[in-house]
Amino acid sequence: MIELTALASLRAVDTHGSVVAAADALSYTPSAVSQQVKRLERQTGVALLERVGRGVILTDHGRHLVDAGGRLLADLEEVESTLHQRAGTVAGHLRLTAFSTAMRGLVAPVVRDLRAEHPDLTLSLTEREPWDTVDLVASGQTDLGVVHRWGDLSINVPDHLASTIVARDLADVVLHRDHPLAGSPVLSPHDLLDEQWIATPEGTICRQWLTRMYAGTGRLPRIAHTAMEFDSHLALVRAGLGIALVPRLGRQPLGDELVAVPARDPEPTRDVLVVHRRSMADSPAVRAVLDHLVR
């Protein structure tokens with residue numbers, strides 16, 4: 001009989017493109033993933049992977065098994081959720097993945113309260129970027145994902161995932177207290193045309209939003225320095241190296257040296273969403289996490 005754990009490993013290899021990457025995503029060793037795939041091949045009597053260069057791809061048989069097995073795993077997940085619903089128990093283990101500021105400002109206090117209220121529920125937390133998080137939830141490698149959506153910048157959520165808005169966040173322009181604009185009541189991109197920005201890397205959602213803010217100016221923001229974490233942005237602004245657009249959620253205290261000024265035209269607003277597979281919709285544990293996040 002086909003082992004579900006081995007099937008999940010094969011699906012992870014397909015999602016991530018290599019045994020090593022699949023092992024990293026599943027918190028297994030590459031040897032363990034390889035052994036599980038080989039066990040599947042012995043059980044089914046067909047080759048499931050073929051090597052291409054330094055990577056691997058699924059054979060036609062492997063593709064059929066992953067597609068059909070994915071539906072099987074979803075059905076089993078739905079059965080398990082329904083059983084827990086009938087029992088009325090908030091118990092078990094959930095994997096939750098979130099972006100960094102949500103981890104600090106939203107997830108950490110919520111998980112603390114969940115542990116106190118539901119001692120039979122455990123959670124494993126992982127920090128990833130929103131697009132990666134959606135892929136992890138969609139492929140069954142995490143159960144709940146906390147992601148964000150800036151203004152009209154959409155994030156693609158597959159049809160088999162459900163999404164719930166749990167919070168709304170604002171970002172401010174953070175400046176050194178000695179900056180000439182530090183005393184402004186509000187700031188627009190037109191006020192900041194010649195400023196040097198500290199921004200997240202190219203391709204991130206936050207960087208896309210900063211660029212979108214300048215759409216009506218005929219200019220692009222002048223990026224002086226790039227850093228992934230907003231805590232680093234604050235440190236660079238504190239050193240007088242530029243200005244930054246920093247969300248309020250999970251933001252560290254600014255101290256005496258920094259000033260946060262609201263931004264307008266457009267207002268930098270982002271929705272914080274939780275995504276999960278629809279097959280887990282009846283799970284009391286999932287509902288408990290969602291309720292606490294909304295609260």
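Residues numbered from 1 in each chain as written. Predicted model: local features only at pLDDT ≥ 70, side-chain atom pairs only at ≥ 80, totals over all residues. Heavy atoms only, no water.

J.: Break down the overall build of the chain for me, with residues and values.
T.: Of the regular secondary structure elements, the chain holds 9 helices and 11 strands. Projecting the C-alpha coordinates of the chain onto the three principal axes gives extents of approximately 70 × 50 × 30 Å. Sorting the 295 residues of the chain into buried and exposed places 45% on the buried side. Counted over contacts in the chain with a minimum sequence separation of 6, partners at least 24 positions apart contribute 74%. Averaging the locations of the 30 positively and 37 negatively charged side chains of the chain gives two centres separated by 2 Å. (Helix = DSSP H or I, 4+ residues; strand = E, 2+ residues; numbered from the N terminus. Buried < 20%, exposed > 50% of the residue type's maximum accessible area, 1.4 Å probe, protein only. Contact = heavy atoms within 4.5 Å. Lys, Arg positive; Asp, Glu negative; His and termini not counted. Charge placed at Lys NZ, Arg CZ, Asp CG, Glu CD.)

J.: So what's going on with the layout of surface pockets? Residues and values would help.
T.: Taken as a whole, the second largest pocket spans an internal volume of roughly 240 Å³. For the second largest pocket, the lining is made up of 14 residues, of which Val19, Ser34, Leu49, Arg51 and Val56 are closest to its centre. Secondary-structure elements contributing two or more residues to the lining of the second largest pocket are helix 2 (19-26), helix 3 (30-44), strand 1 (49-52) and strand 2 (55-58). Residue contributions to the lining of the second largest pocket peak at 5 residues, all from helix 3. (1 Å grid on protein atoms, 1.4 Å probe; cavity = no way out; pocket = protein on both sides within 12 Å on 5 of 7 lines; lining within 4 Å. Points joined across faces, edges and corners; volume = space filled by probe spheres on them.)

J.: Please give an account of the pairing of strand 6 (residues 161-176) that cites residues and values.
T.: Where a strand is regular, its side chains alternate between the two sheet faces. Here 9 bridges tie strand 6 to strand 11 (residues 269-277), and the two strands are oriented antiparallel to one another. Considered in strand 11, the bridge of Leu170 is made with Thr269. Relative to strand 9 (residues 243-247), strand 6 runs antiparallel, the two sharing 4 bridges. Note on strand 9: the bridge partner recorded for Val174 is Ala244. (Pairing = 2+ DSSP bridges.)

J.: Outline the packing of helix 5 (residues 100-117) against helix 9 (residues 284-294), supporting the account with residue identities and numerical values.
T.: At a minimum axis separation of 10 Å, helix 5 and helix 9 run at an interaxial angle of 125 degrees. Relative to helix 9, the element helix 5 is oriented oblique. Viewed along their axes, helix 5 and helix 9 form a crossing whose handedness is right-handed. Here Leu106, Val110, Asp113, Leu114 and Glu117 of helix 5 come into contact with helix 9, specifically with Ala288, Val289, His292 and Leu293. Looking at the contact of helix 5 with helix 9 residue by residue, the class counts come to 6 nonpolar, 1 polar and 2 charged. (Axes fitted to C-alpha atoms, helices over the stretch in contact; angles between N-to-C directions. Parallel < 35°, antiparallel > 145°, perpendicular 65-115°, else oblique. Left-handed = near helix turned anticlockwise from the far one by under 90°. Nonpolar A, V, L, I, M, F, W, Y, C, P; charged D, E, K, R; others polar.)

J.: Lay out a negative patch on the surface with the relevant residues and their values.
T.: On the surface, Glu127, Glu129, Asp132 and Asp135 cluster together into a negatively charged patch. Structurally, Asp132 is set in helix 6 (residues 130-138). Here Asp132 falls in the partly exposed class, since its relative accessible area comes to 34%. (Patch = residues over 30% accessible without salt bridge, like charges linked within 9 Å, V, L, I, M, F, W, Y side chains within 5 Å. Areas by Shrake-Rupley, 256 points an atom, 1.4 Å probe, with all protein chains shown as cover. Salt bridge = Lys/Arg side-chain N within 4 Å of Asp/Glu carboxyl O.)

J.: Run through the pattern of salt bridges, naming residues and quoting values.
T.: On inspection of all chains with the given rule, the structure shows 15 salt bridges. Here Asp14 makes a salt bridge to Arg63, at a shortest N to O gap of 2.7 Å. Of this pair, Asp14 sits in helix 1 (residues 4-16) while Arg63 sits in helix 4 (residues 60-87); the two residues are 49 residues apart in sequence, bridging distant segments of the chain. Overall, Arg63 belongs to the partly exposed group, its relative accessible area being 34%. For Glu257, the salt bridge identified is with Arg238, shortest N-O distance 4.0 Å. Taken together, the positions of Glu257 in the loop between strand 9 and strand 10 (258-262) and Arg238 in helix 8 (residues 230-238) put the pair 19 residues apart, joining distant regions of the chain. Judged by its relative accessible area of 29%, Arg238 falls in the partly exposed class. One network of salt bridges, with partners in common, ties together Arg95, Asp143 and Arg277.

J.: Quick one: what's the story with empty space enclosed by the protein, residue by residue and with numbers?
T.: Counted according to the given criterion, the structure contains 1 cavity of 30 Å³ or more. Put simply, the largest cavity is a space of about 70 Å³. Where the lining of the largest cavity is concerned, the elements lending two or more residues are strand 7 (196-199), helix 7 (205-213) and helix 8. Sort the elements by how many residues they give to the lining of the largest cavity and helix 7 lands first, with 3 residues.

J.: Break down the packing of helix 1 against helix 3 for me, citing the residues and quoting the values.
T.: One can describe the packing of helix 1 onto helix 3 by two numbers: an axis separation of 9 Å at closest approach and a directional angle of 110 degrees. With respect to helix 3, the axis of helix 1 lies roughly perpendicular. The element helix 1 and its partner helix 3 pack so that their crossing is left-handed. The residues of helix 3 that touch helix 1, namely those facing Thr5, Ala6, Leu7, Ser9, Leu10 and Val13, are Val33, Gln36, Val37 and Leu40.

J.: How would you sum up the nonpolar core? Please name residues and give values.
T.: Ranked by size, the top nonpolar core spans 36 residues in total, and within it Val173, Trp197 and Leu245 carry the most contacts. Ranked by size, the runner-up nonpolar core spans 27 residues in total, among them Leu114, Val272, Met280 and Val289. (Core = buried A, V, L, I, M, F, W, Y, C linked by side-chain atoms within 4.5 Å.)

By themselves, these are just geometric observations and shouldn't be taken as functional.
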